[in-house]
Amino acid sequence: MSLQDCAAGAAMSMRMTSLANAMPAAPVLRGRFSGRVAVVARGLADRVRPRREPADPRRVLVAHHLLLGDTLMLTALLAKLRERYPHADVAMTVAESVAPLYATQPYGVRALGWSPAALPPSLFREAPFDLALVPGDNRYAWLAAAMRARWIVAFSGAPSRRRDFAIDRFVDYRPAPAAWGDLCTDLVEGPPPAAYDRARWPTPPAAPFARPAGPYAVVHVGASSPLKRWPATRSAAIVAMLEARGLAPVITAGRGEDAALRAANPERRHAEFAGTLDLAQMWQLVEGAHALVAPDTGIAHLGRVAGTPTVAIFGPGSATICGAGDFWRDARYRAVSVDPFPCRDQRVLFRREIDWVRRCARTTAECPHARCLDAIGDDAIAAAIDAVIQ
């Protein structure tokens, strides 16, 4: 960043300091535009303060608004923070729907639920943070600055200088393939954390729901992209595999995914939850299962966190980036994928071009049918199920 950019930013921050101090007057800042104005105003005002890297931070912030799976992969970073700073107050911003999973404060971390569409003023009432880490999109460095973080660390390589303005130190991605959760631990200096300890994440409380009786396995058929959803024949075959192993299939999907649910349970012989469970309830359902089979989606990551034997089936996504990696090395987990696959060839991860990344984020307009899922044989899925339930 040039001296001219810095001077312009400082001048703007001085002009906006009074606006920052006045916000938020309303209980909640509603609308993305209002929230962005508040965040940028506060962030610019904060940048004029002297900045120094803390030797022993007492308050640490992890700033993001990631999807469920990406948020759960950050557990490795939380574990390292707790080992590196055992007495620090560690807080992490998360999507409101995800926050209940952190009610028991895993690894001693407080979750701050928020939405860009309705920014809660409680974020701005937090005491200043000595250190903030931005693991995903660098835009959330502005949120960290608005929350008065005195030193902000994020990954290099983002294409936007505006998003990088508030960042004090940049960390490069590793030059070799690794799980994203392991990569994020590089934002903190020191050795990698110990492997995931299920005891460090007590089961979150949940509202009562009708739990299955007897040994069961969860088959989750929902996914964030239609290209990650299994064909009807594939989901029906998985249900049959689990029945053959003495496990009652329980079919789950998100809201609006009735078609995928019907493909897996056409005669409605099996228990099903069609978008009726919140994430805390879903945790408890998955935790009680003898096995979980899911596509590459947030629920597959939830299985690892809950300690459930998990089979994750990868189509366009990367089983390396979203897999167990080093932190989850002790998990009863198997990734099923055909790798390499010719069209899993995109190299962008969180807006950064990385040489070793091989994934696919194409839409159905670009790829009407996921051939990468078709290429996975039933034998490979059956072998993975047997491996995790033995």
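Please read all numbers here as calculations on a predicted model, not as lab measurements. (Residues numbered from 1 in each chain as written. Predicted model: local features only at pLDDT ≥ 70, side-chain atom pairs only at ≥ 80, totals over all residues. Heavy atoms only, no water.)

**Re the overall build of the protein chain**
- A count of helical and extended segments in the protein chain gives 14 helices and 16 strands.
- A globule of 390 residues ought to have a C-alpha radius of gyration of about 21 Å, and the protein chain, at 22 Å, matches this closely.
- Across its three principal directions, the C-alpha atoms of the protein chain cover 70 × 45 × 40 Å.
- Out of the 390 residues belonging to the protein chain, those deemed buried represent 53%.
- Entry remark: accessible area of the protein chain is about 17,000 Å², with carbon and sulfur atoms responsible for 54%.
- Of note, the protein chain has its 47 positive side-chain charges centred 6 Å away from the centre of its 37 negative side-chain charges. (Helix = DSSP H or I, 4+ residues; strand = E, 2+ residues; numbered from the N terminus. Rg over C-alpha atoms; globule rule 2.2 N^0.38 Å. Buried < 20%, exposed > 50% of the residue type's maximum accessible area, 1.4 Å probe, protein only. Areas by Shrake-Rupley, 256 points an atom, 1.4 Å probe, with all protein chains shown as cover. Lys, Arg positive; Asp, Glu negative; His and termini not counted. Charge placed at Lys NZ, Arg CZ, Asp CG, Glu CD.)

**Details of the pattern of salt bridges**
- Scanning the entire structure with this criterion turns up 24 salt bridges.
- Across the pair E287 and R198 runs a salt bridge, and its minimum N-O distance is 2.4 Å. Here E287 is found in helix α11 (residues 279-287), whereas its partner R198 is found in the loop between α8 (180-184) and β9 (216-220), with 89 residues between them in sequence.
- With a relative accessible area of 30%, E287 lands in the partly exposed category.
- Among the residues examined, R198 registers a relative accessible area of 23% and is labelled partly exposed.
- A salt bridge links R329 to D326, with the nearest nitrogen and oxygen atoms 3.2 Å apart. (Salt bridge = Lys/Arg side-chain N within 4 Å of Asp/Glu carboxyl O.)

**Description of empty space enclosed by the protein**
- Following the criterion strictly, the structure yields two cavities of 30 Å³ or more and no others.
- In this structure, the largest cavity encloses a volume near 90 Å³.
- Every residue lining the largest cavity is listed: L227, G315, P316, F341, C343, R344, C360, R362, C367, A370, R371 and C372.
- What the second largest cavity holds in volume is close to 40 Å³.
- Every residue along the wall of the second largest cavity is listed here: M73, A76, A179, G181, D182, G323, A324, F327 and W328.
- Class assignment for the residues of the lining of the second largest cavity results in six nonpolar, two polar and one charged. (1 Å grid on protein atoms, 1.4 Å probe; cavity = no way out; pocket = protein on both sides within 12 Å on 5 of 7 lines; lining within 4 Å. Points joined across faces, edges and corners; volume = space filled by probe spheres on them. Nonpolar A, V, L, I, M, F, W, Y, C, P; charged D, E, K, R; others polar.)

**Looking at the layout of surface pockets**
- Estimated volume of the largest pocket: approximately 1,500 Å³.
- In terms of lining, the largest pocket is formed by 49 residues, of which the most central are L67, L68, S224, T297 and G298.
- Of the residues forming the lining of the largest pocket, the biggest block, four residues, is contributed by helix α3 (residues 68-73).

**Description of the packing of aromatic side chains**
- Evaluated as defined, the whole model comprises ten aromatic pairs.
- Taking the centre distance of 4.5 Å and the plane angle of 45 degrees together, the rings of Y196 and W328 count as tilted. Of this pair, Y196 sits in the loop between α8 and β9 while W328 sits in the loop between β13 (310-313) and β14 (333-336), placing them 132 residues apart in sequence. For the pair Y196 and W328, a shared accessibility class is recorded, and that class is buried. (Phe/Tyr/Trp six-rings, centres within 6.5 Å; stacked < 30°, edge-to-face > 60°.)

**Some remarks on the nonpolar core**
- Counting 70 residues, the largest nonpolar core has L81, L101, W180 and L285 as the members making the most contacts within it.
- Contact partners of L285, with chain neighbours within four places excluded, come to F209, P212, Y216, V218, V250, T252, F273 and L277.
- Counting 32 residues, the second largest nonpolar core, distinct from the first, contains V239, L261, I313 and F341. (Core = buried A, V, L, I, M, F, W, Y, C linked by side-chain atoms within 4.5 Å. Contact = heavy atoms within 4.5 Å.)

**Describing the sheet that holds β13**
- Strand order in this open sheet of six strands is β11-β10-β9-β12-β13-β14, and the pairing throughout is parallel. One side of each edge strand has no neighbouring strand; the edge strands of this open sheet are β11 (271-274) and β14. Each adjacent strand pair in this sheet contributes to an overall mean axis angle of 15 degrees, direction not counted.
- Looking at chain direction, β13 and β14 are connected through four bridges and run parallel. Residue pairing in the sheet places A312 in a bridge with A335 of β14. (Pairing = 2+ DSSP bridges. Axes fitted to C-alpha atoms, helices over the stretch in contact; angles between N-to-C directions.)

**Details of the environment of D46**
- Positionally, D46 belongs in helix α2 (residues 32-47).
- In the structure, D46 is positioned 99 residues away from A145 in sequence and 6.2 Å away in space, judged by C-alpha atoms.
- Here D46 is in contact with R51, A145, R148 and A149, once residues within four sequence places are set aside.

**A few points about the sheet that holds strand β6 (residues 131-134)**
- Across the sheet, six strands lie side by side as β4-β3-β2-β6-β7-β8; this open sheet has parallel pairing. Strands with a single pairing partner mark the edges of an open sheet, and in this sheet they are β4 (109-114) and β8 (169-171). Across the sheet, the axes of successive neighbouring strands diverge by a mean angle of 20 degrees, strand direction being ignored.
- The pairing of strand β2 (residues 59-62) with strand β3 (residues 89-95) spans four bridges and is parallel. From the neighbouring strand, V60 faces β3, where its bridge partner is V90.
- Across the sheet, helix α4 (residues 75-84) is in contact with β2, β3, β4 and β6; its angle to β2 comes to roughly 170 degrees.

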